Amino acid sequence: MGSAQDEQAIGHRAALLRKILTDLAIMTVIGLFLAIIGPFGTIANPFPVRLLSWLAFAYIGYVIYSPMSFVVERMHRGLDLPLLPLWIFATLIATVPMTVMVYIVQFMPNWPPVPPLDEALMSYFYVFVIGGGVTLLFNVIGSGGENSQREDSGVDDRVEAAVTEQSPPARPADTLPVPPSNPLIDQLPGELGSDVIALEMEDHYVRVHTALGSELVLMRLRDAMAYLSDVEGRQVHRSWWVARLAVEDIKREGRNVRLVLSGGLEAPVARAQVSELKTAGWI
């Protein structure tokens, strides 16, 4: 069992490393492109200077902006907030340290003077335009599969409701157990069993929750749901699928509703799904 877990951990690290290297390669291309066109007056500088400057800005920007993906996703899942406003807010915040770094690099090796307010705001605007554009490229236009970003919560809820309506009728888990040849169950350590109570999307992975623990599996949420089509359950949130027999309680916090599952696990419910769950007798 330990060997299988080690292999999965190595696979997870390898996937993360591939993603980082791919992102850095893209940032190199972006830096080269900006060095060639020389925006915001940098065209007056010699090309080698432009190239070194824009590559430095590209790599620094990646370090500053990329963690925003983690923050946005956690806030989106935990608070059920629309993605677009979260991304705008995160980009506005990340642009502050990025503007400071750009300003410092321009004066290196000397320490820069404190800029007047109008110059600071203009620099912030320029950095926001480029940083926001690259962030849009990475997290909205370039994303695909289950982790693709939608424009607002209304679209999210309609898509989610459509997926739920198209799901085939299921049979209870206790009358039809998941077959041992199931591609999803086959990737779980034996000590977790096959009694799946929930699926939780994490980037390009799915965290499979069972009655005995959880495990990350490299799989899209829609595919994992398909492998559990014989288990009575439904997608209650963009990032969550829940088995009905695992629901033990309902937690309400204002307009937010969460399903309390076996072992204290909590799954958020999208607002568009609340009425559907009431109709189905879940809550």
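Fair warning: this is a prediction, and the values are worked out from it, not measured in the lab. Numbering of residues starts from 1 in each chain and follows the order in which that chain's sequence is written. Residue-level local features of this predicted model are given only where pLDDT is at least 70; pairs of side-chain atoms are given and counted only at 80 or more, and the full residue set underlies all totals for whole chains, interfaces and linings. The side-chain numbers reported here are obtained from all heavy atoms of the structure, hydrogens and water having been left aside.

Caption draft 1: Spatial organisation of the overall build of the protein. Here a helix means four or more residues in a row that DSSP labels H or I, a strand means two or more in a row labelled E, and each is numbered from the N terminus. A count of helical and extended segments in the protein gives eight helices and eight strands. For each residue, the accessible area found with a 1.4 Å probe, counting protein chains only, is set against the maximum for its type, and the residue is called buried under 20%, exposed over 50%, and partly exposed in between. Taken over 283 residues, the protein has a buried fraction of 37%. In what follows, residue pairs with any heavy atoms lying within 4.5 Å of each other are defined as contacts. Nonlocal contacts in the protein, meaning residues at least 24 apart in sequence, comprise 56% of its contacts between residues at least 6 apart. Per element, the accessible surface of the protein, about 15,400 Å² overall, is 65% carbon and sulfur. Using a 1.4 Å probe, accessible areas were evaluated by the Shrake-Rupley method; residue-level cover was limited to the displayed protein chains.

Caption draft 2: Spotlight on the environment of Ser53. Structurally, the position occupied by Ser53 is in helix α2 (residues 47-65). Distance from Ser53 to Val105, taken between C-alpha atoms, is 7.9 Å for residues 52 residues apart in sequence. Contacts described as polar in this section are N or O atom pairs within 3.5 Å, which, within protein, must combine one atom able to donate a hydrogen with one able to accept it, while residues neighboring in sequence count only if both atoms come from side chains. Among the polar contacts made by the side chain of Ser53, one reaches the main-chain carbonyl oxygen of Val49 at a distance of 2.8 Å.

Caption draft 3: Representation of the side chain of Arg258 within the structure. Summarising the element assignment, Arg258 is placed in strand β7 (residues 256-261). A residue is classified by how much of its surface remains accessible, and Arg258, at 18% relative accessible area, is buried. A distance of 3.1 Å separates a polar atom in the side chain of Arg258 from a polar atom in the side chain of Glu266.

Caption draft 4: Focus on the sheet that holds strand β5 (residues 240-243). Across the sheet, five strands lie side by side as β3-β2-β1-β5-β4; this open sheet has antiparallel pairing. Because the sheet does not close on itself, it has two edges, and the strands there are β3 (213-217) and β4 (233-237). Strand-to-strand, the axes of this sheet are offset by a mean angle of 20 degrees, without reference to chain direction. Pairing geometry for strand β1 (residues 196-202) and strand β2 (residues 205-210), over six bridges, is antiparallel. Residue pairing in the sheet places Met201 in a bridge with Val206 of β2. For two strands to be treated as a pair, DSSP must find no fewer than two bridges joining them. Only the contacting stretch of a helix is used when fitting its axis, a line to C-alpha atoms as for every element, and angles between N-to-C directions run 0 to 180 degrees.

Caption draft 5: Up close: the pairing of β1. Here β1 lies mainly inside the structure; seven of its seven residues are buried. The hairpin formed by β1 and β2 contains two residues between the paired strands, and Asp203 there has a positive phi angle of roughly 55 degrees.

Caption draft 6: Expanded view of helix α4 (residues 83-107). Over its 25 residues, α4 runs 36 Å from end to end, which matches the ideal 36 Å to within 8%, given 1.5 Å per residue. What is called the bend at a residue is the angle between a pair of axes, fitted to the seven residues leading up to and ending at it and to the seven starting from it. At Val96, α4 is bent by approximately 30 degrees, the largest bend along its length, and proline Pro97 sits one to four residues beyond. Any helix carries an expected span of 1.5 Å times its number of residues minus one.

Caption draft 7: Quick peek at helix α8 (residues 271-280). All buried positions along α8 are accounted for by Gln273, Val274 and Leu277. Here the buried residues of α8 occupy an arc of 120 degrees about the axis, which is enough to place them on one side. One or two steps after α8, the chain reaches Gly281, where phi turns positive at roughly 85 degrees. This arc is built from the directions going out from the helix axis to the C-beta atoms.

Caption draft 8: Looking closely at the nonpolar core. Counting 31 residues, the largest nonpolar core has Leu184, Leu199, Val208, Val236 and Trp241 as the members making the most contacts within it. Those elements giving two or more residues to this core turn out to be β1, β2, α7 (221-227), β5, β7, β8 (266-269) and α8. With five residues, the top contributor of residues to this core is β1. Setting aside residues up to four positions removed in sequence, Trp241 forms contacts with Val196, Ile197, Ala198, Leu199, Met225, Leu228, Val231, Gly233, Arg234 and Gln235. Nonpolar core, defined: a set of buried Ala, Val, Leu, Ile, Met, Phe, Trp, Tyr and Cys residues in which side-chain atoms within 4.5 Å join the residues together.

Caption draft 9: Spotlight on the sheet that holds strand β6 (residues 247-253). Read across the sheet, three strands follow the order β6-β7-β8 without closing on themselves; strand pairing throughout is antiparallel. Pairing within the sheet leaves two strands with one partner each, and these edge strands are β6 and β8. Pairwise comparison of adjacent strand axes, ignoring direction, gives a mean angle of 30 degrees for this sheet. Bridging between β7 and β8 involves four bridges; their strand directions are antiparallel.

Caption draft 10: Local environment of a nonpolar patch on the surface. Taken together, the side chains of Leu32, Phe33, Ile36, Ile37 and Phe47 define a hydrophobic patch exposed on the protein surface, amounting to about 460 Å² of accessible area. The leading source of residues in the nonpolar patch is helix α1 (residues 2-37), at four residues. Structurally, Ile37 is set in helix α1. For Ile37, a relative accessible area of 40% corresponds to the partly exposed category. Patches in this entry comprise residues that are over 30% relatively accessible and not in a salt bridge; like charges within 9 Å are linked, as are nonpolar side chains (Val, Leu, Ile, Met, Phe, Trp, Tyr) within 5 Å. Here, a salt bridge means any side-chain nitrogen of Lys or Arg that lies within 4 Å of a carboxyl oxygen of Asp or Glu.

Just distances and angles here, no functional claims.
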